[in-house]
Amino acid sequence: MEIPADTSLLLYWLTMLASIFSAAAGVIDARNKQFDLFGVLIIAFCAALGGGTLRDVILDRPVFWIGDSSYLVFTWLGALGTFYIARKIELSPRWFEIPDAVALALYTIAGTQASLMMGTDWLIASFMGVITGVAGGILRDVLLNEEPLVFKGPFYATASWSGSLLYAVLWQKVDPNAAVMATGVLIILIRISAIRWDLHLPR
Amino acid sequence: MEIPADTSLLLYWLTMLASIFSAAAGVIDARNKQFDLFGVLIIAFCAALGGGTLRDVILDRPVFWIGDSSYLVFTWLGALGTFYIARKIELSPRWFEIPDAVALALYTIAGTQASLMMGTDWLIASFMGVITGVAGGILRDVLLNEEPLVFKGPFYATASWSGSLLYAVLWQKVDPNAAVMATGVLIILIRISAIRWDLHLPR
Amino acid sequence: MEIPADTSLLLYWLTMLASIFSAAAGVIDARNKQFDLFGVLIIAFCAALGGGTLRDVILDRPVFWIGDSSYLVFTWLGALGTFYIARKIELSPRWFEIPDAVALALYTIAGTQASLMMGTDWLIASFMGVITGVAGGILRDVLLNEEPLVFKGPFYATASWSGSLLYAVLWQKVDPNAAVMATGVLIILIRISAIRWDLHLPR
């Protein structure tokens, strides 16, 4: 079942916002690396759009940002803005926790939805949601030559996976808007709670 | 020439077994990294299914695990089992040498066969076999932020490449079952001999 | 607008030369890593053909080297030649600066052209040119477990991006040969000047 057009439009603009924030967070992570301006734009691209690119390549769909340059424009505006602001004032990674959790929720929902629409089963769809949600951050850390935070950070992949499983279960059973809302709230709640109380899965 | 249906079915189940062992070996490699449970599942996915995913993306075939969730199920069963066993008893990487060599052989044969079936020439088919055989291990090491063992380990890529070249030569010249057997034996023999006597190519 | 057949043929052979030099540079970069022969061939493949592979996968085109094994042959000849020469005499990375700049120009032009031919807008086409130009080097450094030089090296991505933007602007406005020439000269000039005078973008 398609997400209704107005919800879809809202998600589209929220995703543009998410691209700005993911790009900004990528730039902050790269700040100790002395990358130059174009290096920063490439890191921002990977952080913001890498997960969705991987999802589309694996599902053999047209890559989402190829047909709509707004994604690149917003990602790079976020990166450039952060790059110049970061030279003036100290940006704390903590300010990005909530936007980052929102981005994780949006990417996860978009990935799970795209996979379900192509007829994959719930397990595969939920995993495609996780790939969409976390692969950008993994790619960013690999390019920065660091151990991916995703594997260690409090409940990052867990929040994404819980949400994508919920979404796959709710899909075609409840109203699409309700499924999107419930999933988004679950992912953001798990992620923010895990950061606040430093929760971890068994290692 | 297609591999006969019964050989194909045997290879299918052997590949499921190979997924379990590759996933298990990936978890063992990650044991010093303090990854959480979902991090471990992602590493296991990359180790077991990453090579075939890359092969299908490059050959523009449907990605093999998208249409059959058994691959994810067996990979994650292998990973979860190893994750819990590894907390109780010390698992030696040496126990995985033979299963790992078998997995390398199976993935190499599957990759070479898939490429030949799409009409590529022998050189490209043999390289696609190597990609299928070794890319999962490379991806695992990149995510663990380590130098890929594949480039240094005794005859890892060499065993895969020798096998895929043999398979490309034998294909459509001898009985398919014989080609699969000969290739499998060659890869496993080269790899196990190289480990036993610590053989290396010139560096 | 298609590039004329004779220019296209010239670019094809220049690209084969570029593959040889990119592969050689990849081998030189790997020389401190004690990789074995097959490891070196895989690094050379990534360095020389990785960027174009990523471009084709993202644009959903057939991967360029699948249908023409000359790419693999020239890449591996370059890698094998360098591998054996490097064991006899000390090869200086400086000798590769000009061939490397030429390769960057060729890959950038080929990527931008491929993207424009598929109807993407100028911003996306210029970025695809950069991906084609620099992703091979990024992949090489990731596999060597080093911070990608592309992000720090003097004007590497900048040269590529300036060229791809120029090419996207000139495309269908001027003679195709002139567009190729102007772009090539711009990229090589920026890159070589930046190396000579150690120019950097703001960090």
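Notes on the structure follow. Residue numbers here run from 1 along each chain, matching the order of that chain's written sequence. Lettering for chains starts from A, numbering for ligands starts from 1, and both go in the order in which the items are written. Note on the predicted model: pLDDT of at least 70 is required for a residue's local features to be given, and 80 or more for side-chain atom pairs to be given and counted; whole-chain, interface and lining totals, by contrast, use all residues.

Overview of the interface of chain A and chain B
Reports of interface size often rely on the accessible area that becomes lost once the parts have come together. Heads up, the rule is: Our contact criterion uses C-beta atoms placed from the backbone: two residues qualify when those atoms are within 7 Å. Under the DSSP-based scheme used, a helix requires at least four consecutive residues in state H or I and a strand at least two consecutive residues in state E, with every element numbered from the N terminus. Each residue is assigned to one of three groups, with Ala, Val, Leu, Ile, Met, Phe, Trp, Tyr, Cys and Pro labelled nonpolar, Asp, Glu, Lys and Arg labelled charged, and all others, Gly among them, labelled polar.
Taken together, the 25 residues of chain A in the interface contact 18 residues of chain B. For the side of chain A that touches chain B, the elements supplying multiple residues, two or more each, are α2 (37-59), α5 (122-143) and α6 (156-170) of chain A. Within the side of chain A that touches chain B, the residues separate by chemical class into 15 nonpolar, 4 polar and 6 charged.

Structural notes on the packing of helix α4 (residues 97-117) of chain C against helix α7 (residues 176-197) of chain C
Residue and element names in this part refer to chain C. Rules: Convention adopted: a line fitted to C-alpha atoms gives each axis, helices being fitted over their contacting stretch, and angles between N-to-C directions are expressed from 0 to 180 degrees. Roughly parallel means an angle under 35 degrees; roughly antiparallel means over 145; roughly perpendicular covers 65 to 115; every other angle is labelled oblique. Each crossing gets its hand from how the near helix is turned against the far one by less than a right angle, where anticlockwise is left-handed and clockwise is right-handed.
In the contact formed by α4 and α7, the axes pass within 9 Å of each other and the chain directions differ by 140°. Relative to α7, the element α4 is oriented oblique. Seen from above, α4 lies across α7 with right-handed handedness. Facing E97, I98, A101, V102, L104, A105, T108 and I109 of α4, the residues of α7 in contact are V180, T183, G184, I187, I188, R191, I192 and I195.

With respect to the relation of the copies chain A and chain B
The condition is simple: C-alpha atoms of residues with pLDDT of at least 70 in both copies form the basis for the least-squares superposition of the copies.
Least-squares fitting of chain A to chain B yields an RMSD of 0.0 Å, with the transformation described by 0.0 Å of translation along the axis and a rotation of 120°. Accordingly, the operation relating the two chain copies is best matched by a three-fold axis. Comparing interface residues between copies, only 12% of those in chain A also lie at the interface in chain B; the contact surfaces differ.

Observations regarding the interface of chain A and chain C
At the junction of the two partners, chain A supplies 18 residues and chain C supplies 25 residues. Sorting the residues of the side of chain A that touches chain C by element identifies α2 and α5 of chain A as the ones contributing at least two each. Tallying contributions element by element places α2 of chain A first for the side of chain A that touches chain C, with 6 residues.

What about helix α1 (residues 5-29) of chain A?
All names here are of chain A. Basically, it comes down to this: To estimate the expected span of a helix, count its residues, drop one, and scale the result by 1.5 Å. The exposure label follows from counting other C-beta atoms within 10 Å of a residue's C-beta, where the C-beta atoms are placed from the backbone and the thresholds are 20 or more for buried and 12 or fewer for exposed, leaving partly exposed in between.
Counted at 1.5 Å a residue, the expected span for α1 with its 25 residues is 36 Å, and the 35 Å between its end C-alpha atoms agrees. Buried residues of α1: T15, A18, S19, I20, F21, S22, A23, A24, A25, G26 and V27, and no others. On its buried face, α1 sits against α2, α3 (70-88), α4 (97-117) and α5.

Comments concerning the relation of the copies chain A and chain C
Taken as rigid bodies, chain A and chain C are interconverted by a rotation of 120° and an axial shift of 0.0 Å, the fit giving an RMSD of 0.0 Å. Looking at the interface residues of chain A, only 17% of them are also at the interface in chain C, so each copy uses its own face.

Quick word on α6 of chain A
The end-to-end C-alpha distance of α6 of chain A, which contains 15 residues, comes to 22 Å, matching closely the 21 Å that a straight helix rising 1.5 Å per residue would cover. One or two steps after α6 of chain A, the chain reaches Q172 of chain A, where phi turns positive at roughly 65°.

Brief notes about the nonpolar core
Note the following rule: By definition, a nonpolar core groups buried Ala, Val, Leu, Ile, Met, Phe, Trp, Tyr and Cys residues that are joined through C-beta atoms within 7 Å.
I43 and A44 of chain A, I43 and A44 of chain B together with I43 and A44 of chain C are the most contacted members of the largest nonpolar core, which has 210 residues in total. Excluding residues that lie within four positions of it along the chain, A44 of chain A makes contacts with A23, G26, V27, T75, W76, G78 and A79 of chain A.

Topic: unusual backbone geometry
Residue and element names in this part refer to chain B. Positioned with a positive phi, N145 is a non-glycine residue whose angle comes to about 55°. Its place among the elements puts N145 in the loop between α5 (122-143) and α6 (156-170). In this structure N145 comes out as partly exposed when scored by C-beta crowding, with 16 C-beta atoms within 10 Å. Positive phi, close to 65°, is recorded for Q172, a residue that is not glycine. Counting through the fold element by element, Q172 comes out in the loop between α6 and α7 (176-197).

A short note on the packing of helix α1 (residues 5-29) of chain C against helix α2 (residues 37-59) of chain C
All names here are of chain C. Running from amino to carboxyl end, α1 crosses α2 at an angle of 130°, the nearest separation of the two axes being 8 Å. Classed by the angle they form, the pair α1 and α2 counts as oblique. For the crossing formed where α1 meets α2, the hand is right-handed. Contact with α1, carried on its side by S19, S22, A23, A25, G26 and V27, involves V40, I43, A44, A47, A48 and L49 of α2 and no other residues of that element. Per-class residue counts for the contact of α1 with α2 are 9 nonpolar, 3 polar and no charged.

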